[in-house]
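So you can see what is in the structure, the chains are spelled out below.
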Amino acid sequence: MAKLAKILVEARRYRAAIRHYGGGWFGRGGLLSSLPLLLQLYVREKFSPDEIFGLGLLDPGLSPDLRRRFVSNEKMLAQQLRVNGLGLTRKVDDKLEFQRIADAHDLPMPRLHAVFDPARGDHGTAAVLADDADWGRFWNDAPAGELIVKPAGGTHGDGVFLVERRDEGLAVDRIRVVTPEALLAEMRGLGYDRWLVQQAIRSHADIARLTGSRALQTLRLVTVADRDGAARIVAARFRINGGDQIFDNFSGGRTGNLIATLDIGTGRILHVKGGDPSGFGLVTVSRHPRTGLEFADYRLPLWDAAVDVACRAARAFQPVVTMGWDLGLTDDGVYIIEGNPSWDPLPGEPALHIYEDLARRSSQAAS
């Protein structure tokens, strides 16, 4: 029954998409004529329904050649696992193991204040909190200001909290105040066993000028390590806070945030996309909705330093071949927020050339 209900939901979304593009039952872009394309995208190309509708892949105005150059998250993930290996991917996806490797290579990371770990593992200089009592004592003496609490095994921003100690309790995400015990119970309910408590960093003043927000807005640099050990940037994007959001998650544009594709040579914005209010496809945004400033030709601050950090990190994490580095650009320099050995293609941006590059690398390794 649950599967049937999901099919009906997607069927209604398909019908709404066809109406959005002005199609009827028949003819180009119609309900029946678009069905083979829908099945091809879903079955053969492995696009999820959210990708198909959110990226506007059924738009009859999208040329077949351009559509062919998009790659689904599932296909890209499969290629990443081939070149990186499942074992390495799982290892580096663990944020505590990632922190250990980064510290060993003196890479710039936000300060790790504490780790909640009932197994009492060794986490370097960070305080180890093993139970409720340890957790409560930490917050009694926690550093002033906001801290990030996130699961060691989380992905796509799942389970990330912005927390600040106050006299009346812990302010979470700036919208509610809870006790340390209540926050810990909420964390446990998410199913993760180990959690990091990190320094919260703020965006560079120049980014704040553009967006009207000092909330962290991360730069994603995707690297590929060549067989000689050199690392190169193959994609760059910048998550832009579209208003008063605390986090920069794009989520297909549903958050109200924006995402910029950057020139990998200069760090200048090529174009900015936001979610279409209809839920079908992305729209180009030329000005920031809050400040009114134009995006055209804006160059990110600390670009050269960010490229240097990403390439240094790529070399430090070899034999991992490809990584998506989330970097924080701040008044104090560049920080690595996290590295993703399984990264999603840029929303709305053709990625076939990167997919084929990784496929060649996979074939070379097998030969």
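Please refer to the structure placed before this passage.
Residues numbered from 1 in each chain as written. Predicted model: local features only at pLDDT ≥ 70, side-chain atom pairs only at ≥ 80, totals over all residues. Heavy atoms only, no water.

Engineer: Before we move on, can you summarise the packing of helix α8 (residues 132-140) against helix α9 (residues 180-189) with the specific residues and values?
Structural biologist: Across the interface, α8 lies against α9 with an axial gap of 10 Å and an inter-helix angle of 125 degrees. Considered as vectors, α8 and α9 are oriented oblique to each other. In this structure, α8 meets α9 at a crossing whose hand is right-handed. Every residue of α9 that contacts α8 at D132, W135 and W139 is listed here: P180, L183, L184, M187 and R188. (Axes fitted to C-alpha atoms, helices over the stretch in contact; angles between N-to-C directions. Helix = DSSP H or I, 4+ residues; strand = E, 2+ residues; numbered from the N terminus. Parallel < 35°, antiparallel > 145°, perpendicular 65-115°, else oblique. Left-handed = near helix turned anticlockwise from the far one by under 90°. Contact = heavy atoms within 4.5 Å.)

Engineer: Outline the side chain of Q217, listing residues and values.
Structural biologist: Note on placement: Q217 falls in the loop between α10 (205-211) and β8 (219-225). A polar atom in the side chain of Q217 sits 3.2 Å from the side chain of T211. A distance of 3.1 Å separates a polar side-chain atom of Q217 from the backbone oxygen of A215. Aside from chain neighbours lying at most four places away, what touches Q217 is S203, I207, T211, F238, R239, I240, N241 and D248. (Polar contact = N/O pair within 3.5 Å; in protein donor to acceptor, adjacent residues only side chain to side chain.)

Engineer: A description of a nonpolar patch on the surface should follow, citing residues and the corresponding values.
Structural biologist: A cluster of nonpolar residues, L35, L39, Y42 and V43, forms a patch on the protein surface that exposes about 380 Å² of accessible area. Here L35 shows up in helix α2 (residues 35-44). (Patch = residues over 30% accessible without salt bridge, like charges linked within 9 Å, V, L, I, M, F, W, Y side chains within 5 Å. Areas by Shrake-Rupley, 256 points an atom, 1.4 Å probe, with all protein chains shown as cover. Salt bridge = Lys/Arg side-chain N within 4 Å of Asp/Glu carboxyl O.)

Engineer: Which residues make up the side chain of E51, and what values go with them?
Structural biologist: Relative to the helices and strands, E51 is located in helix α3 (residues 49-54). Buried within the structure, E51 lacks any salt-bridge partner; its nearest side chain of opposite charge belongs to R237, at an N-O separation of 10 Å. Aside from chain neighbours lying at most four places away, what touches E51 is K46, G56, L57, S72 and N73. (Buried < 20%, exposed > 50% of the residue type's maximum accessible area, 1.4 Å probe, protein only. Lys, Arg positive; Asp, Glu negative; His and termini not counted.)

Engineer: An account of the pattern of salt bridges is needed here, citing residue identities and associated values.
Structural biologist: In total, this model carries 27 salt bridges according to the counting rule given. Put simply, E338 and K95 hold a salt bridge, and the shortest N to O gap is 3.6 Å. Of this pair, E338 sits in strand β14 (residues 333-340) while K95 sits in helix α7 (residues 95-104); the two residues are 243 residues apart in sequence, bridging distant segments of the chain. Taking relative accessible area as the criterion, E338 reaches 18% and is therefore assigned buried. For K95, a relative accessible area of 11% translates into the label buried. A salt bridge links D331 to R214, with the nearest nitrogen and oxygen atoms 3.0 Å apart. Here D331 is found in the loop between β13 (322-330) and β14, whereas its partner R214 is found in the loop between α10 and β8, with 117 residues between them in sequence. Its relative accessible area of 47% is what places D331 among the partly exposed residues.

Engineer: Give a detailed account of the packing of aromatic side chains, specifying residues and quantitative values.
Structural biologist: Scanning the model with the defined rule gives 9 aromatic pairs in all. Between F53 and F280, the aromatic rings sit 6.1 Å apart at their centres with planes inclined by 75 degrees, giving edge-to-face as the arrangement. Separated by 227 residues along the polypeptide, F53 in helix α3 and F280 in the loop between β11 (269-275) and β12 (282-284) bring together distant segments of the chain. The pair F53 / F280 is uniform in exposure class, with both members buried. Centre to centre, the rings of F98 and F317 are 4.7 Å apart; their planes meet at 25 degrees, and the pair counts as stacked. Of the two residues, F98 is situated in helix α7 and F317 in the loop between α11 (303-316) and β13; the sequence distance between them amounts to 219 residues. A residue is classified by how much of its surface remains accessible, and F317, at 4% relative accessible area, is buried. A network of ring pairs unites the aromatic residues F116, W135, F138 and W139 as a single cluster. Seen from the ring of W25, R15 lies directly overhead, with NZ or CZ sitting 6.0 Å from the centre. (Phe/Tyr/Trp six-rings, centres within 6.5 Å; stacked < 30°, edge-to-face > 60°. Lys NZ or Arg CZ within 6 Å of the ring centre and 35° of its normal.)

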